[in-house]
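The primary structure of each chain is shown beneath.
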Amino acid sequence: MAAEPAAGAAGHVTLVGGGPGTTDLLTVAAVKALRDADVVFYDRLAPYQELPSLTSAELVDVGKKPGHHKVSQSDIEKLMVESALAGNNVVRLKGGDPYVFGRGGEEVAACVAAGVKVHVVSGVTSAISVPAAAGIPVTHREVSHMFTVVSGHAPLTEKEHQHLAGLGGTIVVLMGIGTLHQLAAGLRRAGMRPDMPMAVVERGYRPGQRTTIADLGTITSAASGCSNPAVLVIGEVVRVAEANRGHAEAAADLDRLAASLLGS
Ligand code: SAH
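Computed from a prediction, not measured in an experiment: that's the story for all the values here.

Draft legend 1. Local environment of the nonpolar core. With 23 residues, the main nonpolar core has I171, L187, M192, V200, I219 and I234 as its most contacted residues. Listing elements by their share of this core, those giving two or more residues are α6 (158-167), β7 (170-174), α7 (180-189), β8 (197-202) and β10 (230-234). Broken down by element, this core gets its largest block of residues, four residues, from α7. Excluding anything up to four places from it in sequence, I219 contacts L180, A184, M198, V200 and A214.

Dropping the structure here:
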């Protein structure tokens, strides 16, 4: 157990990006903040299973509570602020990066409003690292020179579909499983080619990581068994991953051939 905070001493809050779910992708600053914490409020997307080996702080799961209801955002902010005001060194551990669909800005604002010192430790966002786990580079010379990160939490508007389809770069969608059907249909209506490659990468860096590759016209049925957390990637970069995988497999075949020839 962490030591009791000294009476009267002001605590502070550190918002920590926990990366996509493996301790290997925690930053040095994240590991240090966890080690120094008295209390850690964590989400289910953060690498929470490893927390007991990284910190002796009190661990509070605010991603779920009995009955599977999430602790509301305002309750999380209240808990954090109250704990810091009581003198604790508080870490708020979030999945990926706190400022990418992580409500980090709101939590900073809550601390500032309460007069609590707060700082943010950037994390490795799933928007880039989860495609990478499937071998997909979000940019690639002569293939895509931009990437757009979109929330699929709510369906996009027709205008947004048109803008996205018009950009011609890589589209990365977080929280997109529930709206995949609307997105694929919307991009088709906006003129995107039905054979535009798409990938759904589920549970990046975790047990059961799985990549489903299809194209815009077939993804809805191909990904019907996919579930969150997953990152969607739309764009020609998906083919780069397939080509690289082909090379890797060919190289492995050559290795096996060489080994068998040398062995015989
Ligand atoms: N702040 C986070 C994103 C929070 S939104 C970040 O920067 O990564 C939550 C979404 O992130 C999930 O719905 C999913 O789309 C994505 N995500 C986070 N971790 C993931 C993982 N390990 N594998 C696949 N998707 C993940």
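Draft legend 2. How the structure looks around the pattern of salt bridges. Applying the stated criterion across every chain yields a total of 14 salt bridges. Close ionic contact of E142 with R141 constitutes a salt bridge, the shortest N to O distance being 3.8 Å. Overall, the relative accessible area of 71% leaves R141 in the exposed class. Linking E202 and R203 is a salt bridge whose minimum nitrogen-to-oxygen distance equals 3.7 Å.

Draft legend 3. Structural context of the packing of α6 against α7. Between α6 and α7, whose axes approach to 8 Å, the crossing angle comes to 70°. The angle between the axes of α6 and α7 places the two elements in the roughly perpendicular class. For the pair α6 and α7, the crossing hand works out as right-handed. Here E158, H161, L164 and A165 of α6 lie close against α7, whose contacting residues are Q182, L183, G186, L187 and R189.

Criteria and cut-off values
Residues numbered from 1 in each chain as written. Predicted model: local features only at pLDDT ≥ 70, side-chain atom pairs only at ≥ 80, totals over all residues. Heavy atoms only, no water. Core = buried A, V, L, I, M, F, W, Y, C linked by side-chain atoms within 4.5 Å. Buried < 20%, exposed > 50% of the residue type's maximum accessible area, 1.4 Å probe, protein only. Helix = DSSP H or I, 4+ residues; strand = E, 2+ residues; numbered from the N terminus. Contact = heavy atoms within 4.5 Å. Salt bridge = Lys/Arg side-chain N within 4 Å of Asp/Glu carboxyl O. Axes fitted to C-alpha atoms, helices over the stretch in contact; angles between N-to-C directions. Parallel < 35°, antiparallel > 145°, perpendicular 65-115°, else oblique. Left-handed = near helix turned anticlockwise from the far one by under 90°.

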